[in-house]
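# Topology and contacts: notes
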Amino acid sequence: MSDIQLNRRAFGRLLAAGAGAAALSACGSRGTPGPDTPLRISAINHVWSQAVRQRLPEFEETIGRRVSMQLLTADQLASSYNVKLNASATDIDVMMVRALQEQLLFARNGWLADLTGLVEGDAAFDWADFQEAPRDRSITRGKVLSVPVVTERPALYYRKDLVSSPPATLDALREEAFRLTSRDLFGYVGRGQRSGAVTQWSSFLYSFGGDFTTADGGSGIGSPEAVAAYRFYGELLDRAGPPGATNMSLEQAMPIFAQGKAAFYIDADAIYSNFLDPTISTVREQVGFAPFPAGPAGSKPHNIPSWSVGINAFSLLRDDAWRFIQWISGPRMVTELQAAGIPGARASAWADPATLAAFPAELAESMRINAANGIGHDRPEVIQVGRARDIVGRPLVAGIIGQDVAPVAAEAHAEFADFLVRDNRQQEF
Amino acid sequence: MSGFDRSHRRLRWLMLAPALGFVGLMIIFPLLFTLHLSFTDAFGAVNAGKGYDGGQNYLDALGDGRRFWPAVWRTVYFTVGAVVIETILGLAIAMLLRKPFRGMRVVRSVLMVPLLATPVAIGILWLLILDPTNGIANHLLGALGVPPQEFLGSVSQSLPVLMLIDVWQWTPMMALLLLAGLSTLPEEPEEAARVDGATSWQRFRHVILPGLWTTLMTALVLRAVDALKTFDILYATKGPGGGSDFEVETLNVYAYGLTFDYQEYGLAAAVLVLFTLFIVGVVVLLRRRSREASA
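This one's a predicted model, so the numbers in the text were calculated from it and none came from an experiment.

### A word on the packing of aromatic side chains
Residue and element names in this part refer to chain A. Counted by the stated rule, this structure contains 34 aromatic pairs over all chains. For the ring pair F106 and W111, a centre distance of 5.2 Å and an interplane angle of 55° mean the geometry is tilted. When sorted by exposure, F106 lands in the same class as W111, which is buried. Here F257 and Y265 contribute two aromatic rings whose centre-to-centre distance is 6.0 Å and whose plane-to-plane angle is 35°, an arrangement assigned as tilted. Using a relative accessible area of 0% as the deciding quantity, one classes Y265 as buried. Through successive ring pairs, a cluster of aromatic residues spans Y157, F257, Y265, F275 and F289. Between the NZ or CZ atom of R239 and the centre of the ring of F178, over which it lies, the distance is 4.0 Å. A cation over a ring is seen here: R346 above F125, with NZ or CZ 5.1 Å from the ring centre.

### Considering helix 12 (residues 331-339) of chain A
All names here are of chain A. The set of residues buried in helix 12 consists of M333, V334, L337 and Q338. Across the axial projection of helix 12, the buried residues extend over an arc of 130°, all falling on one side. Tucked inside the fold, the buried residues of helix 12 contact helix 2 (47-63), helix 11 (318-328) and helix 13 (347-351). Phi turns positive, to about 100°, at G341, one or two residues after helix 12.

### Considerations on the interface of chain A and chain B
On the side of chain B, 39 residues touch chain A, which itself brings 39 residues to the contact. Carbon and sulfur atoms make up 51% of the area that chain A and chain B hide from each other, which totals about 3400 Å². Across the chain A-chain B interface, the total number found is three salt bridges. R66 of chain B is paired through a salt bridge with E415 of chain A; the nearest N and O atoms lie 2.6 Å apart. Linking chain A with chain B are 19 residue pairs in polar contact (both at pLDDT 80 or more), by the criterion used here. The residue inventory of the side of chain A that touches chain B, partitioned by class, reads 14 nonpolar, 15 polar and ten charged.

Parameters and conventions
- Residues numbered from 1 in each chain as written.
- Chains lettered and ligands numbered in written order.
- Predicted model: local features only at pLDDT ≥ 70, side-chain atom pairs only at ≥ 80, totals over all residues.
- Heavy atoms only, no water.
- Phe/Tyr/Trp six-rings, centres within 6.5 Å; stacked < 30°, edge-to-face > 60°.
- Buried < 20%, exposed > 50% of the residue type's maximum accessible area, 1.4 Å probe, protein only.
- Lys NZ or Arg CZ within 6 Å of the ring centre and 35° of its normal.
- Helix = DSSP H or I, 4+ residues; strand = E, 2+ residues; numbered from the N terminus.
- Arc of directions from axis to C-beta.
- Contact = heavy atoms within 4.5 Å.
- Buried area = accessible area lost by both parts, 1.4 Å probe.
- Salt bridge = Lys/Arg side-chain N within 4 Å of Asp/Glu carboxyl O.
- Polar contact = N/O pair within 3.5 Å; in protein donor to acceptor, adjacent residues only side chain to side chain.
- Nonpolar A, V, L, I, M, F, W, Y, C, P; charged D, E, K, R; others polar.

Below, the structure written as structure tokens:
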């Protein structure tokens, strides 16, 4: 030990060298990316992402760069953005985002690159070809921040062996569901989780003539129409639904219908293939597809861009990220993917009957009708969507567990009104 | 101080530097940053706070009777309920396994199984078993003539069911810790009590338990702190917010929701600071109790 002598100067040099090395290594991650740096895509584990992954070699050849695609669940993806982008991470280039859930918040945080000049400056990309509702949701404060790639509407899944024709109205749906409910069969199954059910309930809300907010931006969930929609949905699941419905999201509700234990099920049209897959479904011969039934205000389902792609504002490969978006959401690829059963957002693809050939005929017709009647949002359009959904979903839960909806809705209405005032303040950016 | 001593002291600091750097970077910095964040109005992004809010986050949290205080109560209820049952069962199992018997190794290995699985896997496993419609639990109950239960689908049953799952997973750990404590106890006092005519209960109450007290309190502190922090199994089975009526939302789940679902980083940090103080308080209380009992 005594052989190792360390004077003050040497000690200082060592410390300085250590600090310098640490600083250099920190700066290194912000340097210019080399040709071996992959283009990194963060995406949801979805049929769209799987179809894209299969086609990646074609794109890699075009740009001469490797592409790395990370697939996560929706919750994991949101948490990953929260953690990484709070640290201004550069290891995400292309981000799959839910325009209605995250875009406003990400825009406020400055996490999404402005694509306005890119989408409008490329005639071949044909930005005007995107359906109006999804296109509008891609624009925040006049800037295009994402490009829609997957659209979604609700579909009524029903058992053709139990009813001669699908119910055309919500009243008929309720009547049939109650009639068919027995010890061995649930008349209806659907999402019942406080937050998870809000998006599917939105179509009921619109069809009863309500909306989450009023024209002047106040709370709409205390209106008579909204209370009627809460009461209807709660009663449907309470009287005709499975036990434990308040713990049910897509993952719990879908298998119940697929296993032949429910007569009706309303959920996203994108999940139809689960009922045709013999490894999951026992009802592939009996399942029927129908448009969203009409309520007192008509049939008003949502028609939303469920998933979009944007570019991380901290990305060092923005040019290649844009080339990816050009490639994957261009007219040719959207047509190709829609023909493979993944509904996109381009009007030209929807106008081409060949792109709907992959869907069962009844479903294709239902999607076309729902898209024509569709409303462009399925949740409150606010910054803090998570808290808004928790507030809006509370009366739903009350209805499902058999409580009187009106007082809970009145309480939620007051809470939502306060929330909207606070959220509006946060929108000043 | 001679030149050698100074050089020696610097070398000592240099050798300690990596460990100190690690502690500073990975423990002290996050703690201080959380404390700093708890006094800001950071919303949306951690660096989006406009300045110090004068402790408003703490006032908001402590004045929140809808989410914060119910979460505190559930944290206490879950921890006390689960740990008390685990301790009693663990002690009973340890007493049963204390004397050698045929197949002892197999029994001890089987006891380890719940400990080896990850909480998320356990959560999903129990979610499938207890599914009200397709789960095997209701099929078995049906065969016994018991009406189907909602289990984790029920607002009122969820927390007790999750406590029982925690008991299922962590009782073996308590048993193993207490078994290790029992194996260190001398046999003579118990033999002497037996010769003097003490009953089994008297030997347990007056001879074994006092000897085991230190091990018991250590196991209790370890398990209590762990139970207070339970998150994964609650989140895996009930999702964000601890269920549709926040029925299993403990402080940990609440803080997670504030961070990742609501992006209210300032308030989330304040809740975490309060939660940390709460845990430290519980540990100090249990250790003081243990010292008093030993003295």
